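Structural features, examined
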Amino acid sequence: MKYIIKKITTLIITLLIVSIFTFTAFQVIPGDSVLSTLGMDATPEAIQALRQERGLDDNIVIRYGRWLGNVLQGDFGQSTQYNMEVGQLISSRLTVTVWLAVIAIILIIAISIPLGILSSKKEGGIIDRIVVLLTQTMMAIPPFFLGMILTLIFGVCLKWFVPGKYVSFSEDKGKFFAYLIYPAIAMAIPKIAMTVKFLRSSIRRQMHYEYVRTAKSKGNSKHDILVKHVLKNALIPVITFLGMIIADVLAGSIIVEQVFNLPGLGRLLVVAISSRDYAVVQAVVLYIATIVVVINLIVDVLYRIIDPRISKEGGAE
């Protein structure tokens, strides 16, 4: 419990620091959200009135304190672009982004781990060579380009879905998930390739350790050694890597959402930045930061569960 409490304390401090940098950055960058709302032809009186209404004439410390206090109560402010509560706006977009990430993560774990193990068992064979070739190729292709290829093949040629015709969860759950499969695949394929490569390297490294030679001398088969001894140790660094990938998937669907015309947080962030809707941008950035630090916390705890030898002080650092 001391270890978990320490990690949660670190998480809170990290989020506090991120909130300070996020708020400060959007106060000093060029541009004025008031002018974005009223337009360049607005009168000085109208501009000043709106600035006072939004509390922009106060110093930055007071504004940050007021913003942080509201955030802790679940109030992220008002969107100037959409004229609605930021929390409500994000909630309406979160369903798409979260389900897209969940499908992609399931694909990554379900495919990469068995493929990495299979490649390691057939080291130097034809299967291993094919896997290496595929992973090298897929790692080099960005998700947005994969999305374009999938749209061309399955949308335009095979007509398995209508490109750009998103169906909401409330409208038709089946069509909603059927449409999300393609952007999820586009996000997952490069991550699968990276995970397979990392797991394969980790297993091969473990196979050269002394405990493996000892197990061989006792008459254990290569399969038993791999499953009962090597895999547990090989997965320890892979868990950290998977944690980074999961955080990236949960927070990094911006371009893929644009390609597939998905109304998720990625598109919301792009629109908010272009319209200088800082309340929305700050909330989305905090969401991304929270996802990253929470995933890191989960990874650290999993480290302790899988390998209790890890120091209580150092954790999975």
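Use the structure listed above.
Report follows, based on the coordinates. (Residues numbered from 1 in each chain as written. Predicted model: local features only at pLDDT ≥ 70, side-chain atom pairs only at ≥ 80, totals over all residues. Heavy atoms only, no water.)

Concerning the environment of Pro163
Summarising the element assignment, Pro163 is placed in the loop between α7 (143-157) and α8 (173-206). For Pro163, a relative accessible area of 39% corresponds to the partly exposed category. With eleven residues separating them in the primary sequence, Pro163 and Leu152 have C-alpha atoms 8.6 Å apart. (Helix = DSSP H or I, 4+ residues; strand = E, 2+ residues; numbered from the N terminus. Buried < 20%, exposed > 50% of the residue type's maximum accessible area, 1.4 Å probe, protein only.)

Section: the packing of helix α6 (residues 126-139) against α8
Here α6 crosses α8 at 135°, and the two axes come no closer than 8 Å. Classified by the angle between their axes, α6 and α8 sit oblique to one another. The element α6 and its partner α8 pack so that their crossing is left-handed. In this structure, α6 uses Asp128, Val131, Val132, Thr135, Gln136, Met138 and Met139 to contact α8, whose residues at the interface are Ile189, Pro190, Ala193, Met194, Val196, Lys197 and Arg200. For the contact of α6 with α8, the class distribution of residues is nine nonpolar, two polar and three charged. (Axes fitted to C-alpha atoms, helices over the stretch in contact; angles between N-to-C directions. Parallel < 35°, antiparallel > 145°, perpendicular 65-115°, else oblique. Left-handed = near helix turned anticlockwise from the far one by under 90°. Contact = heavy atoms within 4.5 Å. Nonpolar A, V, L, I, M, F, W, Y, C, P; charged D, E, K, R; others polar.)

Examining the packing of aromatic side chains
Tallied over the full model, the rule gives 16 aromatic pairs. The interplanar angle of 40° and the centroid separation of 5.7 Å between the aromatic rings of Phe154 and Tyr182 together place this pair among those described as tilted. Of this pair, Phe154 sits in helix α7 while Tyr182 sits in helix α8, placing them 28 residues apart in sequence. We classify Phe154 as partly exposed; its relative accessible area is 22%. The class of Tyr182 is buried, set by a relative accessible area of 11%. A ring pair is formed by Phe169 and Phe176, whose centres lie 5.3 Å apart and whose planes are at 85°; its orientation type is edge-to-face. In this structure Phe169 comes out as partly exposed when scored by relative accessible area, which is 29%. For Phe176, a relative accessible area of 0% puts it in the buried group. (Phe/Tyr/Trp six-rings, centres within 6.5 Å; stacked < 30°, edge-to-face > 60°.)

Geometric descriptors of this kind do not, in isolation, establish any biological role.
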